Amino acid sequence: GESVGLHLPTLSVQEGDNSIINCAYSNSASDYFIWYKQESGKGPQFIIDIRSNMDKRQGQRVTVLLNKTVKHLSLQIAATQPGDSAVYFCAESYSTDKLIFGTGTRLQVFP
Amino acid sequence: DTAVSQTPKYLVTQMGNDKSIKCEQNLGHDTMYWYKQDSKKFLKIMFSYNNKELIINETVPNRFSPKSPDKAHLNLHINSLELGDSAVYFCASSQDLVLAGGSLPFFGEGSRLTVL
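Not measured: the values here are computed from a predicted model.

Peer 1: Any chance you could break down the side chain of Gln 25 of chain B for me, citing the residues and the numbers?
Peer 2: Residues and elements named next belong to chain B. The residue Gln 25 is located in strand 3 (residues 19-25) in this model. A polar contact is formed between the side chain of Gln 25 and the backbone nitrogen of Leu 27, at a distance of 3.0 Å. Looking at Gln 25, its side chain comes within polar contact range of the main-chain nitrogen of Gly 28, at 3.2 Å. The contacts of Gln 25, once residues within four sequence positions are left out, are Ala 3, Val 4, Met 32, Lys 71, Ala 72 and Ser 93.

What follows is the structure, given as structure tokens:
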């Protein structure tokens with residue numbers, strides 16, 4: 001099945017705080033996960049990825065956590081900045097030839 | 001130079017018309033995609049092509065016909081447009097078919113189609 005969402009959840013944070021964006025994926029056989037960031041009027045941009053043989057991966061200011069037991073993925077953004085305001089998507093892959101995107105979460109950063 | 005460029009960026013048309021969206025990538029990638037993003041921001045793959053060969057066709061109505069004249073171009077033609085076709089259409093490309101850290105879809109900026 002696919003992770004189909006009816007509404008776009010929104011997370012509002014203050015500049016400088018840490019943000020945590022959550023995602024529930026649908027297929028327990030998925031073995032590769034990616035976070036994308038989509039700014040207004042732009043296409044999605046790759047942020048970070050993780051394979052199913054890992055449970056944590058860190059990038060610059062971002063960390064992805066994977067909990068396969070409950071099919072949950074999270075993206076942590078440290079010291080959130082106004083430029084982080086965007087819609088964030090998780091995506092899963094289980095056949096290596098296509099991505100299934102989640103619903104998306106809008107991150108709003110206030111000064 | 002834009003890596004994945006789509007034209008037009010905006011398209012407003014009447015129901016029943018036929019329209020095309022063009023996509024070109026200058027990244028030297030072998031695989032290209034069309035995704036549709038609806039008004040709720042849900043993003044779903046429509047087609048993928050690898051070296052001009054159709055790989056994925058995600059139960060898209062046959063009013064939608066992708067065409068890949070060469071591996072740098074993937075155009076989307078839509079016949080008999082319907083209200084429900086209103087969406088943002090994203091073209092993307094990746095190095096090859098197998099998704100991995102070095103080969104993920106790189107997206108264009110989208111083409112917003114409005115059907116009246």
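Let's pick the thread back up.
Peer 1: Lay out the nonpolar core with the relevant residues and their values.
Peer 2: All names here are of chain B. Among the nonpolar cores identified, the biggest contains 20 residues, and Trp 34, Met 46, Phe 47, Phe 64, Leu 76, Tyr 89 and Leu 113 are the most heavily contacted of them. Counting residues per element, the ones that place at least two in this core are strand 3, strand 4 (31-37), strand 5 (43-50), strand 8 (73-78), strand 9 (87-94) and strand 11 (111-115). Aside from chain neighbours lying at most four places away, what touches Phe 47 is Met 32, Tyr 33, Trp 34, Leu 54, Ile 56, Asn 57, Val 60, Phe 64, Pro 66 and Leu 76.

Peer 1: Explain the state of the cysteines residue by residue, including any values.
Peer 2: Residue and element names in this part refer to chain B. This structure, assessed with the given rule, holds two disulfides over all chains. With a sulfur-sulfur separation of 1.9 Å, Cys 23 is cross-linked through a disulfide to Cys 91. Residues Cys 23 and Cys 91 are joined through a disulfide that is left-handed, its torsion about the S-S bond being -80°. Of this pair, Cys 23 sits in strand 3 while Cys 91 sits in strand 9; the two residues are 68 residues apart in sequence, bridging distant segments of the chain. Taking the relative accessible area as the measure of exposure, Cys 23 reaches 1% and is therefore buried.

Peer 1: Quick rundown of the interface of chain A and chain B? Include the residues and the values.
Peer 2: In this complex, chain A contributes 26 residues to the contact, which on the side of chain B involves 23 residues. Across the chain A/chain B interface, buried area totals approximately 2000 Å², and carbon plus sulfur atoms make up 59% of it. Joining chain A to chain B, the criterion identifies one salt bridge. For Lys 98 of chain A, the salt bridge identified is with Glu 58 of chain B, shortest N-O distance 2.8 Å. Our enumeration of links across chain A and chain B arrives at three residue pairs in polar contact (both at pLDDT 80 or more).

Peer 1: Describe the packing of aromatic side chains, with residues and values.
Peer 2: Scanning all chains against the criterion turns up ten aromatic pairs over all chains. Aromatic pair Phe 101 of chain A and Phe 107 of chain B: ring centres 6.2 Å apart, planes at 80°, arrangement edge-to-face. Of this pair, Phe 101 of chain A sits in strand 9 (residues 100-101) while Phe 107 of chain B sits in strand 10 (residues 106-107), each in a different chain. Assessed through its relative accessible area of 1%, Phe 101 of chain A is described here as buried. Ring centres 6.3 Å apart and planes at 35° place the aromatic pair Phe 64 of chain B and Tyr 89 of chain B in the tilted group. Within this pair, whereas Phe 64 of chain B is found in strand 7 (residues 64-70), its partner Tyr 89 of chain B is found in strand 9, the two being separated by 25 residues in sequence. Looking at Phe 64 of chain B, the relative accessible area reads 6%, which means it is buried. In this structure, Arg 51 of chain A is placed above the aromatic ring of Tyr 32 of chain A, and the distance from its NZ or CZ to the ring centre is 4.2 Å.

What counts as what
- Residues numbered from 1 in each chain as written.
- Chains lettered and ligands numbered in written order.
- Predicted model: local features only at pLDDT ≥ 70, side-chain atom pairs only at ≥ 80, totals over all residues.
- Heavy atoms only, no water.
- Helix = DSSP H or I, 4+ residues; strand = E, 2+ residues; numbered from the N terminus.
- Polar contact = N/O pair within 3.5 Å; in protein donor to acceptor, adjacent residues only side chain to side chain.
- Contact = heavy atoms within 4.5 Å.
- Core = buried A, V, L, I, M, F, W, Y, C linked by side-chain atoms within 4.5 Å.
- Buried < 20%, exposed > 50% of the residue type's maximum accessible area, 1.4 Å probe, protein only.
- Disulfide = S-S within 2.5 Å.
- Buried area = accessible area lost by both parts, 1.4 Å probe.
- Salt bridge = Lys/Arg side-chain N within 4 Å of Asp/Glu carboxyl O.
- Phe/Tyr/Trp six-rings, centres within 6.5 Å; stacked < 30°, edge-to-face > 60°.
- Lys NZ or Arg CZ within 6 Å of the ring centre and 35° of its normal.

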